[in-house]
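Reading the structure
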Amino acid sequence: MNSERTRLAALYGGLLVMAGVLLMAIVYLLVSEGVYASIVTAVAPTVPASRLDAVAAAPALPTTDWARTMVLEPGQVAVAQKVGTVAGDAALSQLLTVSGVSLAVYSALSVALAWWMAGRVLRPVGVITARARRLSGSNLHERLALKAPPGELKELADTFDGMLDRIQELVAARQRFAANAAHELRTPLAVQRAAAEIGLADDPPPEKVAWIRDKLIDTAASSERLIEGLLLLAVSDEGLRRRERVALDETTAAVADALAAEARERSITVEVTARPVTVEGDAVLLDHLVHNLVANALRHNHPGGTVRVRVGPEGLEVANTGPVVDPATVPLLFEPFRRARARRHAPGEGAGLGLSIVASVARAHGGEARASANPGGGLTARVTLPTDPPRTCSPGPPVSGGRRSGPGTPS
């Protein structure tokens, strides 16, 4: 910061010195312009006329109102001219001397003032730098809270505090993600170990061995879904590697048809209203986005419930009936391994990555995912995506969902 202070002091001091030189030059020019005439006008009437030799052609006095009223002898004018020249030179010389000394003192004071002003201006920058150097993972809660009048530096400090807020939230989310991921990965391993050590001890009968085998297979499948979800989350967080025109309404209809069997099994009605809309993005990721939203709405519902899916230029909306969700917990549902209810180990349940994958895919496409709790129970999730101009075709009739082929990672 010392180098910046030196540069600012040199700039401010240089400008002040230049202003002083310019002022001295203007004063000198203005004074020298009229000093001789003023001296001649003042001295001429005081010169005794009887002691002067007549001069045939004496210089004219300045044409002022006072000079026109004076009656002077030619000799008086000549002497006044000589006296005026000598006195004017002496006055200008004295003026230059005094101005030079004043300029030197002014320049020294200007440099000192510029150095002090530069330090005062850069003091908030020093505070920001010192705080930034002290920041670490253990004191991310600290903020600059710069007390200064509104201005660029105050805005910079407030922006820095906002950035620290976002970093703290991100670090906290990553820490929760690491802890939850470790728990999710440890649970199936503990189940497999218990099944192997306890279930297969003491020469178990064939029926128990078959049950343990099925249990191990289910646990392995759950681990595979978890790993697939983590990989999909990592891919979507990296951004899009390819882009193509994707008909979001057709993707939604296909997903609903693929989940139709699961909807019938759970006695849930799926209503799809799709208007033609095209999105520029990755077809596979968008398919996962729609599938996770619809599957999440099915699996966090109750028998006889309803899932309503709407697609259009305004985006994708999936609303479901179900248990009442605390509005305060809704934003947390888009974090990995966050659930509205306690963890269950029912077959087909995912690893709590469904909505986090939805949010990640939406961000990768330049969109946004958000949700709100329904007053009567359930959740309404909305995804907005940049869309292309609508296609000129009529929407098809409402369709009901079923089961999709391929891996899925609903929450």
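Residues numbered from 1 in each chain as written. Predicted model: local features only at pLDDT ≥ 70, side-chain atom pairs only at ≥ 80, totals over all residues. Heavy atoms only, no water.

Thoughts on the overall build of the protein chain
For clarity, the threshold we go by: For the purposes of this entry, the term helix denotes a DSSP run of H or I that reaches at least four residues, the term strand denotes a run of E that reaches at least two, and both are numbered from the N terminus. Per-residue accessibility, obtained with a 1.4 Å probe over protein chains only, is compared with the maximum for each type, and a residue is labelled buried under 20%, exposed over 50%, and partly exposed between these values. Should any heavy atoms of two residues lie within 4.5 Å, those residues are counted as being in contact. All accessible areas in this document rest on Shrake-Rupley with a 1.4 Å probe, and a residue is counted as covered only by the protein chains that are shown.
From N to C terminus, the protein chain includes nine helices and seven strands. Taken over 411 residues, the protein chain has a buried fraction of 36%. Considering only intrachain contacts with a sequence separation of at least 6, the fraction spanning at least 24 residues in the protein chain is 75%. Accessible area of the protein chain: about 23,600 Å², with a carbon and sulfur share of 61%.

Details of a nonpolar patch on the surface
Under the convention used in this document: Each patch is assembled from residues with relative accessible area greater than 30% and no salt bridge, linking like charges that lie within 9 Å and nonpolar side chains (Val, Leu, Ile, Met, Phe, Trp, Tyr) that lie within 5 Å. When a carboxyl oxygen of Asp or Glu lies within 4 Å of a side-chain nitrogen of Lys or Arg, that pair is called a salt bridge.
On the surface, a nonpolar cluster with roughly 350 Å² of combined accessible area is contributed by L113, W116, M117 and V121. Here V121 is to be found in helix α3 (residues 74–134). Taking relative accessible area as the criterion, V121 reaches 32% and is therefore assigned partly exposed.

Digging into the nonpolar core
The line we're drawing: For our purposes a nonpolar core is just a set of buried Ala, Val, Leu, Ile, Met, Phe, Trp, Tyr and Cys residues, chained together by side-chain atoms within 4.5 Å.
L289, L293, V307, V309, L316 and V383 are the most contacted members of the largest nonpolar core, which has 47 residues in total. For this core, the secondary structure elements donating two or more residues are α5 (206–237), α6 (248–258), β2 (269–274), α8 (283–299), β4 (306–312), β5 (315–320), α9 (354–364) and β7 (379–384). The element contributing the most residues to this core is α8, with nine residues. Look past the residues within four positions of V383 in its chain and what remains in contact with it is L289, L293, E314, G315, L316, V358, A362, E368 and A369.

A look at the confidence of the model for the protein chain
Note the following rule: What pLDDT conveys is the predictor's confidence in a given residue, as a value from 0 to 100.
Per-chain confidence: the protein chain averages 77 in pLDDT, with 80% of residues scoring 70 or above. For the stretch residues 50–61, pLDDT sits under 50, and the model shows 16 contacts to residues farther than four places along the chain or on other chains. Here residues 393–411 is a poorly scored stretch, pLDDT under 50, and it has 67 contacts once near neighbours within four places are set aside; other chains count.

A closer look at the pattern of salt bridges
Across all of its chains, the model carries nine salt bridges by this definition. Two residues, D282 and R242, come together in a salt bridge whose shortest N-O distance is 3.5 Å. Highlighted residues: D282 in the loop between β3 (278–281) and α8 and R242 in the loop between α5 and β1 (244–247), separated in sequence by 40 residues. Residue class for R242 comes out partly exposed when judged on its relative accessible area of 48%. Note that R310 and E317 form a salt bridge whose closest N and O atoms lie 3.2 Å from each other. A cluster of three or more residues bridged by salt bridges with shared partners is formed by E262, R266 and R299.

Brief notes about unusual backbone geometry
Of note in this structure, S267 is not a glycine but carries a positive phi near 60 degrees. Mapped onto the elements of the fold, S267 is located in the loop between α7 (260–265) and β2.

Some remarks on the packing of α5 against α9
The relative placement of two packed helices is expressed as an angle between their axes plus a distance between the axes. Operational definition: Between N-to-C directions, angles span 0 to 180 degrees; the directions come from axes that are lines fitted to C-alpha atoms, helices contributing only their stretch in contact. In these notes the angle categories are as follows: under 35 degrees is roughly parallel, over 145 is roughly antiparallel, 65 to 115 is roughly perpendicular, and the rest is oblique. Put simply, a crossing is left-handed when the front helix is turned counterclockwise from the back one by less than a right angle, and right-handed when it is turned clockwise. For this classification, the nonpolar set comprises Ala, Val, Leu, Ile, Met, Phe, Trp, Tyr, Cys and Pro, the charged set comprises Asp, Glu, Lys and Arg, and every other residue, Gly included, is treated as polar.
It is the contact of α5 with α9, at a shortest axis distance of 8 Å, that shows an interaxial angle of 20 degrees. With respect to their mutual orientation, α5 and α9 come out roughly parallel. In this structure, α5 meets α9 at a crossing whose hand is left-handed. Judged by residue contacts, G229, L232, L233, S236 and D237 of α5 engage S356, I357, S360, V361, R363 and A364 from α9. Class assignment of the residues belonging to the contact of α5 with α9 gives a composition of five nonpolar, four polar and two charged.

Some points on the packing of α6 against α8
The interhelical angle for the contact between α6 and α8, taken along N-to-C directions, is 50 degrees, at an axis separation of 9 Å. Considering the angle they form, α6 stands oblique to α8. Here α6 runs over α8; the crossing is right-handed. Residues L248, T251, T252 and V255 of α6 form the contact with α8, whose participating residues are L286, D287, V290, H291 and V294. In terms of residue class, the contact of α6 with α8 is built from five nonpolar, three polar and one charged.

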